[in-house]
Amino acid sequence: MKKLFISFIFLLFSQIAIGQQKEVLLIGTMHKVPKIVKHSYRPLLKKAMNYQPEAIYVETPRPNDSISWEYLKDGWSNSYKEFYALSDSLQNSYNFDQSRFQKLLKKNFNALTQKDLKELIKSFGYLRDYANYDFYSYIQQYGISGSSKPTRHEDGDLTAKLALQLNIKKLQSMDDQQTNKEYHQAWQNCAEDGSENGDNKINQKLNKKQYNKAIVPALFGRLGFYVNKRKSLKRLNQLASFSYVKNQTKSCLEGLDFWNRRNHNMAQNIGSQIVDNSATRNIVIVGASHIYRIEKELKANFPEINVLLLNES
């Protein structure tokens, strides 16, 4: 009888442990979509809501990633350049109050005044936290119900609305752009090589296949689900990593290395935060081209985290 009781207790605790295993749902996005398919993020928002995540990870650099910001302050994105300049200014002039900041974050969204929002936006700017600076700027512009018209971008139509509906006060950043300058240079050089050795024709064929297969799903409002199919994710990774080429030139190999390195670092940013944070159910909203590699990296380096894909959850 004693052995039976011990076995029962062991089984009970094992089931509890399994029930508390941390997991992450990866959602690949299309970034900005054309007006003709402006409602493409609606079904993805519904799917994300059904999952009920406790934490949301987004494709923006982490505040303390000084190497990425050193590049981005003069890099490819005007939004990042403007934000970095503002952040620098605030770090020299703004009187940041940590206790006041934490107090404001504990307020319900509907209790935040315009004054509160302005203070939070400045605080996130001071902290160089672009994800939440942008999120609270969205709330200031559209209110807690969000934009009534599609913004056609994942930040407004998926991330912000999901966080508002689930009362998630703070987004988690997971991007890594430390070698993005070198990656873009390799991309350009690989394309120049491809114009001479014929590999650009393979690129065009893959792009055409991806586009053509998206037409029917897009017409029926399922573009997001098509993009997240395994075959689609694999094609998008091939295009972004130059792994489709038949002629592995130095530039194409460098591009592949930089691409894999970025996704490895993104997965490290995701996995380490999930392990350290208290949330059990987590969601990652990131450009679909990254999903194929991030899934592999998370499974290889964080086996304690259950990794789910949108179409398989």
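Residues numbered from 1 in each chain as written. Predicted model: local features only at pLDDT ≥ 70, side-chain atom pairs only at ≥ 80, totals over all residues. Heavy atoms only, no water.

Draft legend 1. Structural view of the sheet that holds strand 5 (residues 306-309). Spatial ordering of the open sheet is given by 3-2-4-1-5, a layout of five strands whose pairing is parallel. Here the strands that pair on one side only, and so sit at the sheet edges, are strand 3 (172-175) and strand 5. The sheet shows a mean angle of 30° between the axes of neighbouring strands, direction not considered. Where strand 1 (residues 23-29) meets strand 5, four bridges bridge the pair, whose relative direction is parallel. Residue pairing in the sheet places Glu-23 in a bridge with Asn-306 of strand 5. Along the sheet face, helix 13 (residues 250-276) touches strand 1, strand 2 (55-61), strand 3 and strand 4 (281-287) and points at about 155° away from the line of strand 3. (Pairing = 2+ DSSP bridges. Helix = DSSP H or I, 4+ residues; strand = E, 2+ residues; numbered from the N terminus. Axes fitted to C-alpha atoms, helices over the stretch in contact; angles between N-to-C directions. Contact = heavy atoms within 4.5 Å.)

Draft legend 2. Spotlight on the state of the cysteines. Scanning the entire structure with this criterion turns up one disulfide. Each sulfur in the disulfide pair Cys-190 and Cys-252 lies 2.0 Å from the other. On the S-S bond that ties Cys-190 to Cys-252, the torsion sits near 90°, and the link is right-handed. With Cys-190 in helix 9 (residues 180-197) and Cys-252 in helix 13, this residue pair connects regions lying 62 residues apart in the sequence. (Disulfide = S-S within 2.5 Å.)

Draft legend 3. Focus on a nonpolar patch on the surface. A contiguous nonpolar patch, built from Tyr-211, Ile-215, Val-216, Leu-219 and Phe-220 and spanning about 610 Å² of accessible area, is present on the exposed surface. Among the structural elements, Tyr-211 can be located in helix 10 (residues 199-219). Overall, Tyr-211 belongs to the exposed group, its relative accessible area being 59%. (Patch = residues over 30% accessible without salt bridge, like charges linked within 9 Å, V, L, I, M, F, W, Y side chains within 5 Å. Areas by Shrake-Rupley, 256 points an atom, 1.4 Å probe, with all protein chains shown as cover. Salt bridge = Lys/Arg side-chain N within 4 Å of Asp/Glu carboxyl O. Buried < 20%, exposed > 50% of the residue type's maximum accessible area, 1.4 Å probe, protein only.)

As far as function goes, none of this settles anything; it's purely spatial.
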